[in-house]
Amino acid sequence: MYILGLSCYYHDASAALLKDGVIVAAAEEERFTRKKHDTSFPLNAARYCLESQGISINDVHYVGFYEKPFLKFERVLSQHLQMFPLSLKTFLSSMPSWVTEKLRVIRAIRKKLSYQGDVLFIEHHLAHAASAFLVSPFEKAAILTVDGVGEWTTASYGMGEGNEIHLMKEIRFPHSVGLLYSAITAYLGFSVNNSEYKVMGLAAYGTMDREKNPYYKKLRQVIDIRPDGSFCFDMSYFVYHYHDRMPSKNLCDLLGGPVVQKGAEMNERHKDIAAAVQLVMEDILTAMLKHVHKATKSPNLVMAGGVALNSVYNGKILSQTPFKRIWIQPNASDGGTSIGVASYIYNTLLDNPRTWKMDSAYLGPSFSDEEIRSFLDGNKIAYTQFSDETELLEKTAKLIHENQVVGWFQGGMEWGPRALGARSILANPCNPKAKELLNEKVKHREKFRPFAPVVCEDDALTYFDCDVPIPEPADYMLMVYPIKKKWQKKIPSVTHVDGSGRLQTVRRHQNPLYFDLIKKFGELSGIPILINTSFNIRGEPIVCTPYDAYKCMMGTGIDCLVMGTFLIKREENPQDKWDSEKSADD
Amino acid sequence: MSFLKGVRQGMRNFGHLISVLVNTALLLVVYLLGVGVTSLIARISGKQFLQMKQGKKSYWSDLDLKKRPLEAHYRQF
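Residues numbered from 1 in each chain as written. Chains lettered and ligands numbered in written order. Predicted model: local features only at pLDDT ≥ 70, side-chain atom pairs only at ≥ 80, totals over all residues. Heavy atoms only, no water.

Caption draft 1: Examining the overall build of chain A more closely. A tally of helices and strands in chain A yields 20 helices and 22 strands. Along the first, second and third principal axes, the C-alpha atoms of chain A reach 65 × 60 × 45 Å. Looking at chain A alone, contacts between residues at least 24 apart form 71% of all its contacts between residues at least 6 apart. Just so you have it, chain A exposes about 20300 Å², and 50% of that area is on carbon and sulfur atoms. Charge centroids of chain A, computed over 68 positive and 68 negative side chains, lie 4 Å from each other. (Helix = DSSP H or I, 4+ residues; strand = E, 2+ residues; numbered from the N terminus. Contact = heavy atoms within 4.5 Å. Areas by Shrake-Rupley, 256 points an atom, 1.4 Å probe, with all protein chains shown as cover. Lys, Arg positive; Asp, Glu negative; His and termini not counted. Charge placed at Lys NZ, Arg CZ, Asp CG, Glu CD.)

Caption draft 2: Spatial organisation of the pairing of strand E22 (residues 566-569) of chain A. All names here are of chain A. Bridge analysis of strand E13 (residues 384-385) against E22 gives two bridges, and the strand direction is antiparallel. Across the sheet, the residue bridging to Thr384 is Leu567, located in E22. Of the strand pairs in this sheet, strand E21 (residues 560-563) and E22 are connected by four bridges, and their pairing is antiparallel. Along E22, the bridge assignment pairs Cys560 with Lys569. Connecting E21 to the antiparallel partner E22 that follows it, the hairpin turn spans two residues, and Gly564 within it adopts a positive phi of roughly 60 degrees. (Pairing = 2+ DSSP bridges.)

Caption draft 3: Fine view of the interface of chain B and chain A. Contacts between the two partners involve 39 residues from chain B, matched on the other side by 65 residues from chain A. Taken over both partners, the interface formed by chain B and chain A buries close to 4500 Å², and the fraction arising from carbon and sulfur atoms is 63%. Of all residues in chain B, Tyr31, Trp60 and Gln76 of chain B bury the most surface against chain A, accounting for 21% of the area lost on that side. Among the ionic pairs, Glu123 of chain A bridges to Arg68 of chain B, the shortest N-O distance being 2.8 Å. Our count for the contact surface shared by chain B and chain A stands at 33 residue pairs in polar contact (both at pLDDT 80 or more). Only helix H1 (2-45) and strand E1 (61-65) of chain B provide two or more residues apiece to the side of chain B that touches chain A. No other element matches H1 of chain B, which puts 11 residues into the side of chain B that touches chain A. Per-class residue counts for the side of chain B that touches chain A are 17 nonpolar, 12 polar and 10 charged. Of the pairings in the sheet, the one linking strand E8 (residues 164-172) of chain A to E1 of chain B comprises three bridges and is antiparallel in character. Residue pairing in the sheet places Leu167 of chain A in a bridge with Leu65 of chain B of E1 of chain B. (Buried area = accessible area lost by both parts, 1.4 Å probe. Salt bridge = Lys/Arg side-chain N within 4 Å of Asp/Glu carboxyl O. Polar contact = N/O pair within 3.5 Å; in protein donor to acceptor, adjacent residues only side chain to side chain. Nonpolar A, V, L, I, M, F, W, Y, C, P; charged D, E, K, R; others polar.)

Caption draft 4: Highlighting the sheet that holds E21 of chain A. Residue and element names in this part refer to chain A. The eight strands are arranged E13-E22-E21-E14-E15-E20-E16-E19 in an open sheet whose pairing can be described as mixed. A single partner strand is all that each edge strand has here, and the edge strands are E13 and strand E19 (504-506). Where strand E14 (residues 406-409) meets E21, four bridges bridge the pair, whose relative direction is parallel. Bridging across to E21, Gly407 finds its partner in Leu561.

Caption draft 5: Region of interest: the sheet that holds E1 of chain B. Spatial strand order, E12(A)-E11(A)-E6(A)-E7(A)-E8(A)-E1(B): six strands in an open sheet with mixed pairing. Each of the sheet's edge strands pairs with one partner strand only, and the pair in question is strand E12 (325-328) of chain A together with E1 of chain B. Here the strands of the sheet are splayed against their neighbours by 20 degrees on average, with no regard to which way each runs. Two elements, strand E6 (residues 140-146) of chain A and strand E7 (residues 153-161) of chain A, share seven bridges in a ladder whose sense is antiparallel. (Axes fitted to C-alpha atoms, helices over the stretch in contact; angles between N-to-C directions.)

Caption draft 6: Representation of the pairing of strand E20 (residues 529-534) of chain A within the structure. Residues and elements named next belong to chain A. Summarising burial for E20: six of the six residues are buried, a large majority. Burial along E20 is two-sided: the residues Ile529, Ile531 and Thr533 and Leu530, Asn532 and Ser534 are all buried. In this sheet, E20 lies alongside strand E15 (residues 423-427) in antiparallel orientation, the contact comprising four bridges. Following the sheet pairing, Leu426 is matched in E20 by Asn532. Across four bridges, strand E16 (residues 452-456) lies against E20 in antiparallel orientation. From the neighbouring strand, Val455 faces E20, where its bridge partner is Ile529. (Buried < 20%, exposed > 50% of the residue type's maximum accessible area, 1.4 Å probe, protein only.)

So, in structure tokens, the structure goes:
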């Protein structure tokens, strides 16, 4: 039995295909259209899912959609009714898309996919909950979902057991942890639904002491947080419920100035504001989780929703709450709901037992050596082929050790926002200039943003103060932990200003080639850790195809590309027609 | 040929402009008469569409979302 899950029309459109209880393919639409956070109908992603299994849409038994559109529309109308006449501008700008596509989901599915079968609709936070629980390693677990907003819900908790989910309580719009974080993201001049992780990175530069951070106290005034983690905003500080902006004039006054211009240099005030929102969010989530534990009495926790991508807080959960084990959907934001929808239909609605747990994120398109060779030859690209895996590992490790920046394109593309060793840029973390080198050559990121380390799971405790046993979400770069003091100066490029690192742990069965490369690099450098950053140009999605990877390398300062068993060097190929830097954006 | 292409493009742009104007005019009428009148009546009768008031002991609301028959999921609401 095949079930196709879809999410689209808000942000991060995606498709996932389930075959007899196993997610066999999943991808986000942005990787195909090359538009970051693409919201459009995930036609390319759905096509990939079907083609990967050699089936047509006629073989699909159910298509599931990640929300109840009419319920969401009810909420949107309620906003306009409540805020009349202030909501006129957003009414005029948003209604056409509701009328033409968002309320016509069945029509879109039938027309774009030529699908005539059953279409099922799952509530947004139920889809999040399913994406976290039904593919987790737990038979029974507490569930917490926290995001911007679904239909009405902005946060919910409940319990999963066997193949059933019961969401018990919710926080309703307009009160939303996700939207609070987004409002401050917007205030600091970053793009909403895209750059929240930058605020998280910036927070470490600010005052993380609740007593000393002046903005923490100010932000707490805006929110009434109850001991059970529920909360209510003073909405005079926000305008997102009726405007296309987020902070109100009151919030600007409270924070001591107008909204920061895009691209402005971050000063101490900005850093403290970032730290303040991180602290407030942590206050809310810690209180919520303690309450959820009390209500469910489960030692296991699963999480999803965009807020669950806050890896700084994720790394504190097991030490600050009574939960003993944790699992987080690697694609925790809306993109991940397509997996949730497909799993919920198969396991819960059709009452099939859970037989699959998500153990790696390589669910996207992969390319054989023949396909890669065909691309290289077809474009007259100079390359060499490694004779075997040993040569590939030895030469690649040597290149990285010599401070070369290496594009690493191997196997199935990652599911979710993080590059995890299938579409990664790798570099030497022991090189004190690696951060500047990567920024200068490739990423052009804000100076305050750290790069992430990748380490084999069996070495992680040597270098990082992780929870023990190391939680599986660390495999998906979802946990930030302190780097042990002894090593901080030896791997400066991946050590954040507060001494932490957003590590990825790799278990050999997940990605043997990647695992062995890290070990091989360790033999050369004495430290089996690499810098792993996403294989993309600033403002573009992570690369998907050999074409995307080659274009990215040639347009940036990546020195070479290890794609399948091929080594392609930038200096050996003409650069003029592949200038991808021109398209770099936020 | 390029002249004809230009004319076609111009007509398309003109058509787009007209549709934007008509849509905006229609939506404005809907907003003022539909949303506006309903909103005024709601205000008079004290109806709140969004819960904005602070002061509760807890802001958790009952959700009780669990397995329902398959048929319930054919609905978009």
